[in-house]
Structure formats: C-alpha cells, structure tokens
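# Analysis of the macromolecular model
Chain residues, written in single-letter form:
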Amino acid sequence: MTQPERRTPARRAVLGAAGAAVLGGSTALAGGTAQAVQQAVAADTEPGTAHRTGRGHRSLPVPTVIAHRGASGYRPEHTIGSYQLALDLGAHVIEQDLVPTRDGHLVCRHENDITGTTDVADHPEFASRKTTKTVDGTTLTGWFTEDFTLAELKTLRAKERIPATRQENTLYDRRWTIPTFEEVLRWAEQEGRRRGREVWLHVETKHPTYFRSLGLGLEERLARLLRRYGRHRADSPTFLQSFEPTSMQRMSKLVATPRVVLLWTADDRPWDFREAGDPRTVADLITPEGLAWIASYAQGIGPLLDLVIPKDKDGRLGSPTTLVRDAHAKGLILHPYTHRNENTFLPADHRRGTDPAAYGDSFGALQRYFATGIDGIFSDNPDTALLAAADFSAR
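A brief structural summary. (Residues numbered from 1 in each chain as written. Predicted model: local features only at pLDDT ≥ 70, side-chain atom pairs only at ≥ 80, totals over all residues. Heavy atoms only, no water.)

Among the secondary structure elements, D278 is positioned in the loop between α9 (271-276) and α10 (282-285). Residue contacts for D278: discarding those within four places in its chain leaves R269 and F273. (Helix = DSSP H or I, 4+ residues; strand = E, 2+ residues; numbered from the N terminus. Contact = heavy atoms within 4.5 Å.)

Bringing helix α7 (residues 218-228) into the picture now. Structural remark: α-helix, 3.6 residues per turn; residues separated by three or four positions point the same way. Among the 11 residues of α7, eight are classified as buried, and the element is accordingly described as predominantly covered. Among all positions in α7, only L218, E219, E220, L222, A223, L225, L226 and R227 are buried. G230 sits one or two residues past α7 and shows a positive phi near 70°. (Buried < 20%, exposed > 50% of the residue type's maximum accessible area, 1.4 Å probe, protein only.)

Moving on, we get to the nonpolar core. Proteins that are soluble and globular tend to have nonpolar side chains buried together. Core analysis: the largest hydrophobic core is formed by 93 residues, its most contacted members being I94, F181, L201, L222, M251 and I301. Ignoring anything within four residues of it in the chain, the contact list for M251 reads E219, L222, A223, L226, L240 and R259. (Core = buried A, V, L, I, M, F, W, Y, C linked by side-chain atoms within 4.5 Å.)

Structurally, the position occupied by W200 is in strand β6 (residues 200-205). Note: C-alpha distance between W200 and E95 (105 residues apart in sequence) is 8.7 Å. With residues near it in sequence (within four places) discarded, W200 still touches G56, H57, L60, H92, V93, I94, S236, P237, T238 and F239. Within the local environment of W200, its side chain forms a polar contact with the side chain of E198, the two groups lying 3.3 Å apart. (Polar contact = N/O pair within 3.5 Å; in protein donor to acceptor, adjacent residues only side chain to side chain.)

Honestly, that's just the spatial picture; any functional story needs more than this.
Given below as structure tokens:
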C-alpha cells in the first residue's frame, strides 16, 4: 500500500521550516594524551575553519535533533540527498557511519555489507564478489565494501534499505552514489559557506576492531581527514561515536573532537571487550562507576532509548531509569537512538491503527523521551523531532 498523504515532500518542507523557525535553525599524535592533543591543535590554523564559530557542542539547542543517517525516513540513507534534506529540514546535526574500501577510503554506509543498500546485485561484473563473512560474531552473505576499490564502489547506486516500510523512498533508488566521507566534509563546508553557519556532523566508526584486523584501521584515517578539514579541535562542529569504547579512547589520543560512546542493550558486551577478554557489559558501563570511566575519555553517551525508558512485556513505555541523571552527574551528554515515525518502530502505546508502516503517535513518544532530560535524539524524521522539540521547549 502507499503511504498516507501527510508524508508528501511539500508538507515535510513546511514542517521543517516551522521547526527551524522556532529553534533556530594523521597518526603523529597517536602516542600523546587528549590534553596534549588539545594544546597542540589549539594553535593550528588549517583549511576548513572559516565557518567554525568555536562555540562547541554545549552551544547546540537542547534537545538537539540529530538526523539519523540523514533524513533516512524520506530518502535512501547515507546519501548526499539524505544529508541535504536533513539540513534543509532544519536538523541540528547530520550523522555519518564510516566503513573502508579495499584501497583505504572511508565511505558512508551503515554497514560494510552493501547488499541491501545498493544495486550491487544487479552488476554481473561483481557477481563473483558475493561471499560469506563473519563480522563481530555475525555470519553474513553478500557484498562488502572492503572487497571493492573506491572506483568500483562509485559505479554502484544507493537504494532504500527497507522498501516494504518506506515505499515512497524507492522513488529515489539509484539517484545517488555512495559518498566518501571527504565528499561529505566538502559538502558541509560548501553548505556552511552558503548558510553562514557551521554544519554539524555526528561520525561513527563501524566495526573498528574487525577492520583493524584487516589492516584497514579507521581511526587514523578519520583523524587525518578531521585535521585536513579543521574538525579536530574540542570546539569543532563534529561528534565522533562508536559502539566500541576503545575506538573512542584511540580517537582521544589523535584529535580533540568531542566523543560519544554508543550503548546497546544492557546485556550486550561491546565487541572490542569480547576480543580483549574484558568481561564488562553495557549494564556495567551505565553504572556511576562505568559512566565515570567513559567520562575519562569521552564527552557523551548514545544509549538505546530503552536504556532511558524501558518497555514492559507488552512493548509499552514504563518509568524512566536513572541513566540521564547519572550521566549528567559525570558531565556526560546523552544522545539516545533512534526515533522513527512508523508504528513498527514506536512503543506499543504510541502506535495508531494496524498498519505497521503507517505513522503513529510520534509526537507523544518524543514528549516522553524529552521529559527525561536527554540532551538530544537521533531521528529518521528530523522535521517531526524538531516540531516535538519546539513543543517541549514552549511548555
């Protein structure tokens, strides 16, 4: 079935404009400390700093709306089209996930498995590249970025990842290529000049332990690009993030850019911990002691929304945990994930009707989350989140 009329681009643009009107719209340092990095980079003047105001992440509106993989509720994720729409809708920060190519370039894909997000299966010249791999303990069969050069990846086109849910998004299939992170940095600079303000990015290192084992370490490559484009300072308009805490520890020795540790379910054990024999789980990391440890090298956490407000056995929202209070007590900001408008992704008490792809009571769910005191939220639908944030701030 087709999606309801309320999802047309024209109405989304109006909503985004309303939200924006209310809210305002190298390895050389690998052996150093975060403090030494900050002192060293403070004196640097490099390309890409012309539109950096130097205010830092504490200057962002609260709640901050982070466009999850761009405006992925409306365009195929991790495309320039998705990033551009998110910015046009008024999102405060745009997210990128980074994986490497065989020749060491960083590209924007949520996963290195590109089977579902590109038209690679339609390219007979790459049929022999289909393979089975184990990535972070999960066996996958498909095509993977690390088996392609950048030139080869650029012959592919992006497509909608969940077409059964987001049928309208398939209109934009094959419109855009896979962007490199450097292309995104150039895009952000161009948009910054055009708008007269900095464009904020939220950059995730994906499967860093796995890629380091292949000789494709992400952190050093990322640090070089951040330094090249002037996003390596403590007040840069950029967040770094990872589900592997040691990746953010490594980044803290390379750049001063603010860092966020992502957290999955309470019983999850980060993959780098498993590889190193560290017995801690997410439940250990969200204790006051665990949060103090994170605060020693990071500025924030990105918890699963269920760690902020758990759901009961029927999928309905329960009572908030103490995570927001405990993290704030350690000086950490919270950017939980992920808000989406469709019923299938909403808490059971905020679903409306029986169609899992239809929109539910997204505004009601967002008010519950904002009321906990979170500093921001990742959303596939940044216009909706912006309006909800405006409602919350006006109360």
